[in-house]
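Structural overview for review
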Amino acid sequence: MGLLVFLMVGVLLAGFGVAMFMRKRNIHLWLASYLRQDWRARPPPGKTRHLMFCFVDHYEPMWARPTYATECARVQRWRDEYPKLCAPFKDADGRSPIHSFFYPEEEYRPEHLDKLVELCRMGLGEIEIHLHHEDDTEAGLREKLKRFTQMLVDRHDALPVHPETKQPLWSFIHGNWALDNSHPEGLGCGVDHELVILCEEGCYADYTLPAAPDPCQTRTINQIYYAKDQPHGRKSHDSGTRVQVGGTPEGDLMILQGPLGFMKHSRKWGLLPRIENGDVRVNQKPTPERIDDWVSTGIHVAGRPEWIFVKIYTHGTQEHDMDTLLGEPMRKAYEHLHQHYNDGTDWKLHYVSAREMYNIVKAAEAGLDGEPGQYRDHVIARPGYQPQTAHAQEAHRA
């Protein structure tokens, strides 16, 4: 009898420990969706599957408030080493890997953007918008977005513009994950109706998620969907309408999520599975096992399961991670992608920027078929990244 009681107490303590772990890591926010796995679908038998591989970067040269020399060294290392990393690799369309630099408004220095634009001219990158803000207002948010996005157009030719209105067009990652004031304590934003503001200022898609283990994580996971802003509530993107073939846009902003689940090959204390959130850094290397898990998550537009979208992310200016991002671990990751997902029959690999990923999603929604790589510029054109003279900048403003 004593042994039975002992075992029961042990089970209860273990269960309590697991529950506490899940609560601390905010797994309870999305576990039900993970267990349902309702985003999955089988591709048609015998049909070539296409992998859209998108690498987005919360690119912060001023991370941890370094010296100006350190800022410059961080950016210069990407300018020097990223082309060498990409040179051996070409996807099914003959394209090299491409990095989407989500650059923070509050860290703007023209010299840093100029270096990144050089990579963009090589076809190795594109520039998008990142923003950290606290206790903000609608007026303050609009001013920041208008000023920064127009500066990227005028000074760097780094964002596309609407062909008629000339409004800058861009995708977004929210700093500290707090999109639409989603932090439960109201930290890191301050604007409840942020989705509408983003849309009105030229944002066509958001790439913030997944946020796990942060409490800003939504209950919707592993999906591409439209979120409808709730003007008097936070976290309007907690759920939405899934993008589907033959569907029409609903809501205010498209949300494109990266993979979220559990690592099958890595456990805390050898027991509890670690969260797989698509983050790449020195202690979360892009191993073949992780890549296979990202692909098998199967994020797709409903009705087109043979087009798989893998969006992973990093914080690319942190020194302790650069050897991973620009060195051997990432080189091996690209080798694995080419060996296992680019044979031309079962799989075709397509390196895409955030903008190109959105365009291919929109092509699928419109019911377009065939090679997804042909739709990279389907809705939003690529910016020119041309050198801008003082005269050209003035003419654009006029």
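Source: prediction; values computed, not measured.

**Notes on the side chain of His 99**
In this structure, His 99 sits in strand S2 (residues 99-104). Here His 99 falls in the buried class, since its relative accessible area comes to 1%. Ignoring sequence-local partners within four residues, the contact set of His 99 consists of Phe 55, Asp 57, Trp 78, Tyr 82, Leu 124, Gly 125, Glu 126 and Thr 314.

**Considering the layout of surface pockets**
Roughly 170 Å³ of volume is contained in the second largest pocket. Examining the composition of the lining of the second largest pocket, we find that 3 residues originate from one element, helix H7 (residues 288-297), more than from any other.

**What to know about the side chain of Ser 171**
Assignment of secondary structure puts Ser 171 in strand S4 (residues 170-174). On the basis of relative accessible area, Ser 171 is assigned to the buried category, the value being 0%. The residues touching Ser 171, leaving out its near neighbours within four places in the chain, are Phe 102, Glu 128, Ile 129, Cys 203, Tyr 204, Ala 205, Tyr 207 and Ala 354.

**Some points on the nonpolar core**
Within the largest apolar cluster, 96 residues are counted, with the highest numbers of intra-cluster contacts made by Tyr 207 and Tyr 334. In terms of residues, this core owes the most to one element, helix H10 (residues 354-365), which gives 7 residues. Contact partners of Tyr 207, with chain neighbours within four places excluded, come to Val 56, Phe 102, Ser 171, Phe 172, Ile 173, Leu 256, Lys 311, Ala 354, Arg 355, Met 357 and Tyr 358. Ranked by size, the runner-up nonpolar core spans 9 residues in total, among them Ile 27, Tyr 34, Ala 212 and Leu 260.

**Some points on unusual backbone geometry**
Most peptide bonds take the trans configuration, and most residues that are not glycine carry a negative phi. A cis amide bond links Leu 209 with the next residue in sequence, Pro 210, at an omega value of 10°. By secondary structure assignment, the location of Pro 210 is in the loop between strand S5 (203-206) and strand S6 (224-227). With omega at 10°, the peptide bond leading from Ala 212 into Pro 213 counts as cis. With respect to the helices and strands, the residue Pro 213 is situated in the loop between S5 and S6. In this model, Asn 222 sits at a positive phi of 55°, which is unusual for a non-glycine residue. Within the secondary structure, Asn 222 is located in the loop between S5 and S6.

**Describing the confidence of the model for the protein chain**
Summing up the model confidence of the protein chain, the mean pLDDT is 92 and the portion of residues at 70 or higher is 90%. Here residues 5-17 scores under 50 on pLDDT; set against residues more than four positions off or in separate chains, the count is 0 contacts.

**A closer look at the packing of aromatic side chains**
In the structure shown here, the tally under the stated rule is 19 aromatic pairs. Plain terms: the ring middles of Tyr 59 and Trp 78 are 6.1 Å apart, the flat faces sit at 80° to each other, and that makes the pair edge-to-face. Taken together, the positions of Tyr 59 in the loop between strand S1 (49-58) and helix H3 (68-86) and Trp 78 in helix H3 put the pair 19 residues apart, joining distant regions of the chain. Across the pair, Trp 78 and Tyr 59 agree in class, each one buried. Measuring from centroid to centroid gives 5.4 Å for Phe 89 and Tyr 334, while their planes differ by 50°, and the two rings are tilted.

**Observations concerning the pairing of S6**
Residues Ile 224 and Tyr 226 point to one face of S6 and Tyr 225 and Ala 227 to the other, with burial holding for every one of them. For S6 and strand S7 (residues 241-242), the ladder comprises 2 bridges, and the chain directions are antiparallel. From the neighbouring strand, Tyr 226 faces S7, where its bridge partner is Thr 241.

**A closer look at the pairing of strand S12 (residues 347-351)**
Summarising burial for S12: 4 of the 5 residues are buried, a large majority. Sheet topology note: the S1/S12 ladder contains 5 bridges and is parallel. Bridge pairing in S12 places Phe 53 opposite Tyr 351.

**Description of the state of the cysteines**
The final tally for this structure, using the stated rule, is 0 disulfides. For the unlinked cysteine Cys 54, the closest cysteine sulfur is that of Cys 120, found at 13 Å. With no disulfide of its own, Cys 86 lies 12 Å from the sulfur of Cys 120, the closest cysteine sulfur.

**Some details on the environment of Glu 128**
Within the secondary structure layout, Glu 128 lies in strand S3 (residues 125-131). The exposure class of Glu 128 is buried, given its relative accessible area of 2%. With 124 residues separating them in the primary sequence, Glu 128 and Asp 252 have C-alpha atoms 19 Å apart. Each residue touching Glu 128, except ones within four places of it in the same chain, is listed here: Phe 101, Phe 102, Tyr 103, Leu 159, Trp 170, Ser 171, Tyr 204, Ala 354 and Arg 355. A distance of 2.9 Å separates the side chain of Glu 128 from the backbone nitrogen of Ser 171, its partner in a polar contact.

**As for H10**
Between its first and last C-alpha atoms H10 spans 17 Å; for 12 residues at 1.5 Å apiece the expected length is 16 Å, and the two agree. Across the 12 residues that make up H10, a large majority, 12, are buried. The set of residues buried in H10 consists of Ala 354, Arg 355, Glu 356, Met 357, Tyr 358, Asn 359, Ile 360, Val 361, Lys 362, Ala 363, Ala 364 and Glu 365. Looking one or two places after H10, you find Gly 367, whose phi comes out positive at around 85°.

Thresholds, definitions, all that
- Residues numbered from 1 in each chain as written.
- Predicted model: local features only at pLDDT ≥ 70, side-chain atom pairs only at ≥ 80, totals over all residues.
- Heavy atoms only, no water.
- Helix = DSSP H or I, 4+ residues; strand = E, 2+ residues; numbered from the N terminus.
- Buried < 20%, exposed > 50% of the residue type's maximum accessible area, 1.4 Å probe, protein only.
- Contact = heavy atoms within 4.5 Å.
- 1 Å grid on protein atoms, 1.4 Å probe; cavity = no way out; pocket = protein on both sides within 12 Å on 5 of 7 lines; lining within 4 Å.
- Points joined across faces, edges and corners; volume = space filled by probe spheres on them.
- Core = buried A, V, L, I, M, F, W, Y, C linked by side-chain atoms within 4.5 Å.
- pLDDT = per-residue confidence, 0-100.
- Phe/Tyr/Trp six-rings, centres within 6.5 Å; stacked < 30°, edge-to-face > 60°.
- Pairing = 2+ DSSP bridges.
- Disulfide = S-S within 2.5 Å.
- Polar contact = N/O pair within 3.5 Å; in protein donor to acceptor, adjacent residues only side chain to side chain.
- Expected span 1.5 Å × (residues − 1).

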